[in-house]
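Architecture and fold: a report
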Amino acid sequence: MQRLNWFEASPGAAKALGALHHFVTTATNLPAQLIHLVFLRVSQVNGCAHCIDLHSRDLLKGGMSVEKLVLVPVWHEAKHLFSDQERSALAWSEEVTRVSETHVSDEAYAAASATFDEKDLVDLTTAIAAMNAFNRMGVSFRLKPAAKP
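Residues numbered from 1 in each chain as written. Predicted model: local features only at pLDDT ≥ 70, side-chain atom pairs only at ≥ 80, totals over all residues. Heavy atoms only, no water.

With that out of the way, let us pick up the pattern of salt bridges. Tallying each qualifying case throughout the model produces 6 salt bridges. Between K68 and E86 there is a salt bridge whose closest N-O contact spans 2.9 Å. In this pair, K68 is assigned in helix 5 (residues 66-69) and E86 in helix 6 (residues 84-97), connecting sequence segments 18 residues apart. Exposure class is identical for K68 and E86. Each is buried. Salt-bridge contacts for D84 lead to R87; the nearest nitrogen and oxygen are separated by 2.1 Å. Within this pair, D84 and its partner R87 are both found in helix 6, separated by 3 residues, close to a single helical turn. Ionic contacts of the salt-bridge type, sharing partners, join the residues R41, E94 and R98 into one network. (Salt bridge = Lys/Arg side-chain N within 4 Å of Asp/Glu carboxyl O. Helix = DSSP H or I, 4+ residues; strand = E, 2+ residues; numbered from the N terminus. Buried < 20%, exposed > 50% of the residue type's maximum accessible area, 1.4 Å probe, protein only.)

Inspection of the entire model under this criterion finds 3 aromatic pairs. Connected via pairs of aromatic rings, a cluster forms that spans W6, F7 and F134. (Phe/Tyr/Trp six-rings, centres within 6.5 Å; stacked < 30°, edge-to-face > 60°.)

Of note in the backbone geometry, H103 takes a positive phi value of approximately 60° without being a glycine. When you line up the elements, H103 lands in the loop between helix 7 (99-102) and helix 8 (106-115). Of the residues examined, H103 reaches a relative accessible area of 62% and is grouped as exposed. In the Ramachandran plot, V104 falls in the positive-phi region, its phi being about 45° despite a non-glycine side chain. Checked against the element boundaries, V104 lands in the loop between helix 7 and helix 8.

Membership of the largest hydrophobic core comes to 24 residues, with the highest contact counts inside it found for W92, F116, L124 and I128. For this core, the secondary-structure elements that each account for two or more residues are helix 2 (11-26), helix 3 (32-46), helix 6, helix 8 and helix 9 (118-140). With 6 residues, the single largest contributor to this core is helix 9. Setting aside its immediate chain neighbours within four residues, L124 contacts L30, V38, A89, W92 and F116. Within the second largest apolar cluster, 10 residues are counted, among which are L40, M64, V72 and W75. (Core = buried A, V, L, I, M, F, W, Y, C linked by side-chain atoms within 4.5 Å. Contact = heavy atoms within 4.5 Å.)

Let's shift gears to the side chain of D53. Structurally, the position occupied by D53 is in helix 4 (residues 49-61). On the basis of relative accessible area, D53 is assigned to the buried category, the value being 14%.

Shown next, in the form of structure tokens:
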């Protein structure tokens, strides 16, 4: 079933989410590759094909190797490929994205707080929240990935 184009149906909603995305990608101290890594992992957890495709491309353009990219879903088993900051961001991304299951444990908070200062942790959590919002729109309205067969 064809679903509506949410950008066209509610330009105000698209603009609001776009402003949040713009803040996260331009007004924080977080490295761009880290933000795209978080966007990718959140999208993988949520199963948003459009966003997985988009952020995989962003990471490749930013210089991430294909070998590392394909192991993002199993980063726990390939820890040696990811920096301490990346591992912390990936763990926090999963914890916050699965909030209904995890309730964002004190242990996860302590681990994230050990890696990120207060502002960066808030900005990282904002990036996670933004991508969760985009994923809900992408999945709900079945945004298509750009990938070709």
